[in-house]
Amino acid sequence: MEEEIRTRIAPSPTGLFHLGTARTALYNYLFAKSKGGKFIVRIEDTDRARSQPEYENDILDGLNWLGLAWDEGPIVEGPYKPYHQAKRLKIYQKYCQQLLAEKKAYLCYCTPQELEKERENQMKTHQPPIYSGRCQKLKPEELEKYKKEGRQPAIRFLTNDEGAIEFKDLIRGKVTFDPKTIGDFIIQKSDGIPTFYLAGVVDDFLMKISHVIRGEEHISNTPRQILLQRALGFSIPEYAHLPLIFNPDKTKMSKRKDPVSITSDCKN
Ligand code: GLU
């Protein structure tokens, strides 16, 4: 049996429905529908401080207004619910624990101040700002000390830096990244909230997403996500990164300067 085509739009409800998100949604919708597939909406609301229900409503109203009805997602629900990441934290934590148990991830006790200092030193000595891997080699007494201080650890993925990471982007063709430029990255913050890299990968897998069609600003996230997919034994979806949208004068569209919400003309 041929695999069902399943695409998704995964907006973070941290602002009004953005023109770029609308375009990404349109491509996802058209691609899925042209293949008899499904179009899914997943709300990426793990940033609790910035996510707001009114933004989610604006995004969903905007999708409806454009006629981009979703087959699964908020309100309509579906077999892979819930479709809000904030309601799926236990699922992500389970996969993080799996990676820890398999020694594909480790606990990181560094404070933001320590990380900042490390970055400053790297800048001064003209090294790339990549995490040193310090907490992977903690001595038992250091570990004890941090625990006593009450430090809550984050979880870092252990990046194996052998071999280039390659994928075939459906728009750009072959894309290659050197894992040495990536370093060990955080997959779960010290408050137990997953980062975008891990949550997206877990959900794309569990929601059986066949094609990840998203903006080009995400292309540098893809190698990290592929590393996670490999480590977790997940299938790797097809990737297509859409070029950025430019203003008529060819400058990059900016959230701050330009009216980029699809309803901005109506409101101004
Ligand atoms: N939440 C991301 C965004 O709003 C989408 C990530 C993705 O499509 O994988 O940009």
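Throughout this description, residue numbers start from 1 for each chain and increase along the sequence as written. Selection of residues for local features in this predicted model requires a pLDDT of at least 70, selection of side-chain atom pairs for listing and counting requires 80 or more, and totals for whole chains, interfaces and linings are taken over all residues. The side-chain quantities take in all heavy atoms of the structure and omit both hydrogens and water.

On to the side chain of Asp204, then. Helix and strand labels come from DSSP, where a helix needs a run of H or I of at least four residues and a strand needs a run of E of at least two; each type is numbered from the N terminus. Here Asp204 shows up in helix H6 (residues 196-206). Ignoring sequence-local partners within four residues, the contact set of Asp204 consists of Arg8, Arg42, Ile209 and Val212. It only takes one pair of heavy atoms within 4.5 Å for two residues to be counted as in contact.

Attention now goes to the sheet that holds strand E4 (residues 154-157). By way of backbone hydrogen bonds, the strands of a sheet pair with one another, either parallel or antiparallel. Strand order in the open sheet formed by 3 strands is E3-E4-E7, and the pairing between neighbours is antiparallel. The open sheet has two edge strands with one neighbour each: strand E3 (105-108) and strand E7 (186-188). Strand-to-strand twist of the sheet, defined as the mean angle between neighbouring strand axes without regard to direction, takes the value 45°. Looking at chain direction, E3 and E4 are connected through 4 bridges and run antiparallel. Here, a strand pair is defined by DSSP locating no fewer than two bridges between the strands. Between the N-to-C directions of two axes lies an angle of 0 to 180 degrees, each axis being a line fitted to C-alpha atoms and, for a helix, fitted only over the stretch in contact.

This part takes up the site of the ligand. Whether a residue is near a molecule or strand depends on its heavy atoms: it is near if one of them lies within 4 Å of it. In the vicinity of the ligand, the contacting residues are Arg8, Ala10, Pro11, Ser12, Glu44, Phe196, Arg214 and His218. Whenever two N or O atoms come within 3.5 Å, that pair is a polar contact, provided that in protein one can donate a hydrogen and the other can accept it, and provided that, for residues adjacent in sequence, both atoms are side-chain atoms. Glu44 is positioned with one of its side-chain polar atoms (N or O) 2.7 Å from a nitrogen atom of the ligand. A distance of 2.8 Å is found between an oxygen atom of the ligand and a side-chain nitrogen or oxygen belonging to Arg214. Against a free-state accessible area of 290 Å², the protein chains account for coverage of 79% of the ligand. Residues belonging to the shell around the ligand are distributed by class as follows: 3 nonpolar, 2 polar and 3 charged. Where accessible areas are quoted, they stem from the Shrake-Rupley method and a 1.4 Å probe; at the residue level, only the protein chains shown are allowed to cover. Residues are grouped as follows: nonpolar covers Ala, Val, Leu, Ile, Met, Phe, Trp, Tyr, Cys and Pro; charged covers Asp, Glu, Lys and Arg; every other residue, Gly included, is treated as polar.

A word on the pairing of strand E5 (residues 165-169). Note on exposure labels: buried denotes an accessible area under 20% of the residue type's maximum, exposed denotes more than 50%, and partly exposed covers the range between, all computed with a 1.4 Å probe on protein chains only. Residues Ile165, Phe167 and Asp169 of E5 are buried on one face, while the alternating residues Glu166 and Lys168, pointing to the opposite face, are not. In the sheet, E5 pairs with strand E6 (residues 173-177) via 5 bridges, with the strands oriented antiparallel. When the sheet's bridge partners are listed, Glu166 is paired in E6 with Thr176. Joining the antiparallel neighbours E5 and E6 is a turn of 3 residues.

Among the nonpolar cores identified, the biggest contains 33 residues, and Leu99, Phe157, Phe167, Phe185, Ile187, Leu198 and Leu228 are the most heavily contacted of them. Secondary-structure elements contributing two or more residues to this core are helix H3 (89-101), E4, E5, E6, H6 and helix H7 (222-232). Setting aside residues up to four positions removed in sequence, Leu99 forms contacts with Lys104, Ala105, Phe157, Ile187, Leu198, Leu228, Ala231 and Leu232. The criterion is simple. A nonpolar core is a set of buried Ala, Val, Leu, Ile, Met, Phe, Trp, Tyr and Cys residues joined through side-chain atoms within 4.5 Å. With 14 residues, the next largest nonpolar core counts Val41, Ile43, Leu60 and Leu63 among its residues.

Within H7, 10 of the 11 residues are buried, which leaves the element mostly enclosed by the surrounding structure. Residues of H7 that are buried: Thr222, Pro223, Arg224, Gln225, Ile226, Leu227, Leu228, Gln229, Ala231 and Leu232. Gly233 occupies a position one or two residues after H7 and carries a positive phi of about 75°.

Structurally, Gln188 is set in strand E7. Those residues in contact with Gln188, other than ones at most four positions away along the chain, are Gln93, Cys96, Ala154, Ile155, Ile193, Pro194 and Thr195.

The next point concerns the environment of Gly67. In this fold, Gly67 is placed in the loop between helix H2 (53-65) and H3. Looking at Gly67, the relative accessible area reads 42%, which means it is partly exposed. For Gly67 and Tyr109, which are 42 residues apart along the polypeptide, the C-alpha to C-alpha distance reads 47 Å.

So, on to the packing of aromatic side chains. Ring pairs are drawn from Phe, Tyr and Trp, using the six-membered ring of Trp, whenever the two centres fall within 6.5 Å, and their geometry is named by plane angle: stacked under 30 degrees, edge-to-face over 60, tilted for the rest. All told, the structure shown has 8 aromatic pairs when counted by the stated rule. Between the aromatic rings of Phe185 and Tyr197, the centroid separation amounts to 5.2 Å while the plane-to-plane angle is 70°, which identifies the pairing as edge-to-face. A residue pair is termed long-range when its members are at least 10 positions apart, and Phe185 in the loop between E6 and E7 and Tyr197 in helix H6 qualify at 12 residues. Accessibility assignment for this pair places Phe185 and Tyr197 in one class, buried. Between Phe205 and Phe234 the ring centres are 3.9 Å apart and the planes differ by 5°, which places this aromatic pair in the stacked class. Taken as a pair, Phe205 in helix H6 and Phe234 in the loop between H7 and strand E9 (238-242) lie far apart in primary sequence, 29 residues in all. Residue Phe234 is classed as buried on the basis of its relative accessible area, which comes to 8%. A ring has a charge above it when a Lys NZ or an Arg CZ is no more than 6 Å from the ring centre and no more than 35 degrees off the ring normal. Between the NZ or CZ atom of Arg156 and the centre of the ring of Tyr131, over which it lies, the distance is 3.5 Å.

A separate point is helix H4 (residues 112-124). The end-to-end C-alpha distance of H4 is 18 Å, a good match for the 18 Å that 13 residues give at a rise of 1.5 Å each. By the burial criterion, the buried members of H4 are Leu115, Glu118 and Gln122. For H4, the arc enclosing every buried residue in end-on projection is 60°, short of the 170-degree limit, so these residues lie on one face. In H4, the exposed positions angled more than 90 degrees off the buried face are occupied by Pro112, Gln113, Lys117, Met123 and Lys124. Among the structural elements, E4 are those in contact with the buried residues of H4. One or two steps after H4, the chain reaches His126, where phi turns positive at roughly 55°. Take the residue count of a helix, subtract one, and multiply by 1.5 Å to get its expected span. This arc is built from the directions going out from the helix axis to the C-beta atoms.

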